[in-house]
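A structural walkthrough
For reference, the chains in residue letters:
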Amino acid sequence: MRVVVTGATGRTGGEVAREVAGRGHELVPVSREPAGTVAGADLRPAEDLPALLADAAVLVDFTVPVASVDYVGHAAEAGVPAVVGTTGFDSGGMSALDDAAESVPLLKASNFARGVQALLNVVREAATALPGYDVELTETHHNGKRDAPSGTATTLLDALDDAREESLDRTHGREGEDPREPGQVGVHVRRAGNVRGEHELMFADNDEVLTLTHRAESRGVFAAGAVDAAEWLPGRAPGRYEFGDVIGDGDD
Ligand SMILES: NC(=O)C1=CN([C@@H]2O[C@H](COP(=O)(O)OP(=O)(O)OC[C@H]3O[C@@H](n4cnc5c(N)ncnc54)[C@H](OP(=O)(O)O)[C@@H]3O)[C@@H](O)[C@H]2O)C=CC1
Ligand SMILES: O=C(O)C1=N[C@H](C(=O)O)C[C@H](O)C1
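Predicted model, so just to flag it, every value in this text is computed and none were measured. (Residues numbered from 1 in each chain as written. Chains lettered and ligands numbered in written order. Predicted model: local features only at pLDDT ≥ 70, side-chain atom pairs only at ≥ 80, totals over all residues. Heavy atoms only, no water.)

1. Side note on the UniProt feature "domain: Dihydrodipicolinate reductase N-terminal" (unreviewed entry) in the protein
Which entries qualify depends on this criterion: UniProt positions are given in the numbering used here, feature names are shortened, and annotations may be inferred rather than shown by experiment. Counting from the N terminus, the helices are the DSSP runs of H or I reaching at least four residues and the strands are the DSSP runs of E reaching at least two.
Sequence positions flagged by UniProt for "domain: Dihydrodipicolinate reductase N-terminal" (unreviewed entry) are, in local numbering, residues 1-112. Along residues 1-112, the helical share is 36% and the strand share 25%, with 21 Å between the first and last C-alpha atoms.

2. Some words on the pairing of strand S9 (residues 134-141)
To be explicit about the condition: Throughout this description, buried means an accessible area under 20% of the type-specific maximum (1.4 Å probe, protein chains only), exposed means over 50%, and partly exposed covers the range between. Should DSSP find at least two bridges between two strands, the strands are taken to pair.
The buried count for S9 comes to 6 of 8 residues, which makes it a mostly enclosed element. The pairing of S9 with strand S12 (residues 198-205) spans 7 bridges and is classified as antiparallel. Across the sheet, Asp-134 pairs through a bridge with Ala-204, a residue of S12. Note that S9 and strand S11 (residues 184-191) share 7 bridges and pair parallel. Of the residues in S11, the one forming a bridge with Val-135 is Val-185.

3. Things to note about the sheet that holds strand S14 (residues 239-241)
Worth spelling out the cut-off: Whether two residues are in contact is decided by their heavy atoms, any of which lying within 4.5 Å being enough. Fitting a line to C-alpha atoms yields each axis, with helices limited to the stretch in contact; the angle taken between N-to-C directions then spans 0 to 180 degrees.
Taking strand neighbours across the sheet as the criterion, the 7 strands line up as S5-S2-S1-S6-S7-S8-S14 in an open arrangement whose pairing is parallel. Looking at the sheet topology across the chains shown, the edges are occupied by strand S5 (44-45) and S14. Pairing of strand S7 (residues 82-84) with strand S8 (residues 105-108) involves 3 bridges; the strand directions are parallel. Within the sheet, the bridge partner assigned to Val-84 lies in S8 and is Lys-108. Its contacts with the sheet place helix H4 (residues 91-100) against S8 and S14, and it is angled at close to 145° to S8.

4. Concerning the side chain of Ser-68
The residue Ser-68 is located in helix H3 (residues 65-78) in this model. Taking the relative accessible area as the measure of exposure, Ser-68 reaches 0% and is therefore buried. Residue contacts for Ser-68: discarding those within four places in its chain leaves Asp-61, Thr-63, Val-84, Thr-86 and Phe-89.

5. Details of the sheet that holds S9
Pairing is mixed across the open sheet formed by 5 strands, whose spatial order is S10-S11-S9-S12-S13. Taken across any chain shown, the strands that pair with only one partner, and hence form the sheet edges, are strand S10 (169-172) and strand S13 (208-215). Taking the axes of each pair of neighbouring strands and ignoring which way they run, one obtains an average angle of 20° across the sheet. Where helix H5 (residues 114-129) meets the sheet, it contacts S12 and S13, and its direction lies at approximately 160° from that of S13.

6. With respect to the site of ligand 1
Keep this limit in mind: We call a residue near a molecule or strand whenever a single non-hydrogen atom of that residue lies within 4 Å of it. Between N or O atoms, a polar contact is any pair within 3.5 Å; within protein, one atom must be a potential hydrogen donor and the other a potential acceptor, and residues adjacent in sequence are included only when both atoms are from side chains. As a working rule, the residues Ala, Val, Leu, Ile, Met, Phe, Trp, Tyr, Cys and Pro are called nonpolar, Asp, Glu, Lys and Arg charged, and the rest polar, with Gly in that last group.
The environment of ligand 1 is formed by 23 residues, the closest being Thr-9, Arg-11, Ser-31, Arg-32 and Thr-87. A distance of 2.5 Å separates an oxygen atom of ligand 1 from a polar side-chain atom of Thr-9. Between ligand 1 and Gly-10 there is a distance of 3.1 Å, counted from an oxygen atom to a backbone nitrogen or oxygen. Of all elements in the fold, only helix H1 (11-22) and H3 reach the threshold of two or more residues within the shell around ligand 1. A class-by-class count of the residues in the shell around ligand 1 yields 7 nonpolar, 11 polar and 5 charged.

7. Observations concerning the site of ligand 2
Rules: To be clear on the numbers: accessible area is Shrake-Rupley with a 1.4 Å probe, and residue cover counts the displayed protein chains and nothing else. Residue ranges labeled as domains rest on an automatic or database domain assignment.
In the vicinity of ligand 2, 13 residues are found, and the nearest of them are His-141, His-142, Lys-145, Gly-151 and Thr-152. The contact in question runs from an oxygen atom of ligand 2 to an N or O atom on the backbone of Ser-110, over 3.5 Å. Residue Gly-151 places a main-chain N or O atom 2.8 Å away from an oxygen atom belonging to ligand 2. Contact with the protein chains removes 87% of the 330 Å² of surface that ligand 2 exposes when unbound. Grouping the constituent residues of the shell around ligand 2 by class yields 1 nonpolar, 9 polar and 3 charged. A domain-level breakdown of the shell around ligand 2 finds at least three residues from each of domain 1 (2-112 + 219-249) and domain 2 (114-216).

Set out below in structure tokens:
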């Protein structure tokens, strides 16, 4: 099938492009400044996206929110399903994705690693089994990451809130006279080197500590999940989908 990849010159989009080509699909890699090839396919200009989408089975986007909203809008106009891996959307960006999902199937996931789907389930279970335990989340990513906290961190915190049936106060770091208050969840962000992505949740109380950690060791894990989603999505009804729908599990 013909797969259009936006952000194909990027760290993750490049990996997705290689996965698409490696599975024998027709790859159409897109860039704002097309020069050269990705995974053996010529880069195509982003301004030509409407035409490039004409015969496409699916769009896969790993870019930045402003570009993603634009690219997904073109996919919706062309009637092409969209897989969105981009993170960091504000509420306006999220509603633009909702608008697009009225006319095409749209699957957005903050993390396409299967281990993160399992982690989400375990976090829900721990949150329920350990009511009142303090929770702190730490995420670590490479020094080129733009958004903070990560999309995955936000998804994990949402799962925690759902399981606890309360909206914990997300406290981003601490400084000075700043003791922990009831109802807080600490959120800590590290950016260093080329760390692919690590998320740790710590539950602590009652003289005990439980830590749950997921670490991606290559971007191939995100690419494989995103292309699994791209193969699953065409032919579905318009609407929003999650990666859990692809692997028959949980949510985003
Ligand atoms: N859901 C998941 O599993 C994962 C999600 N991500 C998310 O994917 C996104 C991309 O991450 P990453 O690959 O590291 O990013 P990169 O910076 O490496 O790549 C982003 C690409 O976006 C394109 N782009 C289009 N418009 C813009 C713009 N206005 N400003 C900057 N770049 C633009 C660029 O391509 P060009 O200039 O050629 O157009 C660039 O190559 C992030 O939101 C990240 O959080 C990352 C890994 C896994
Ligand atoms: O930017 C990244 O690299 C990653 N972004 C995603 C996020 O924001 O959660 C997923 C993964 O952790 C890698």
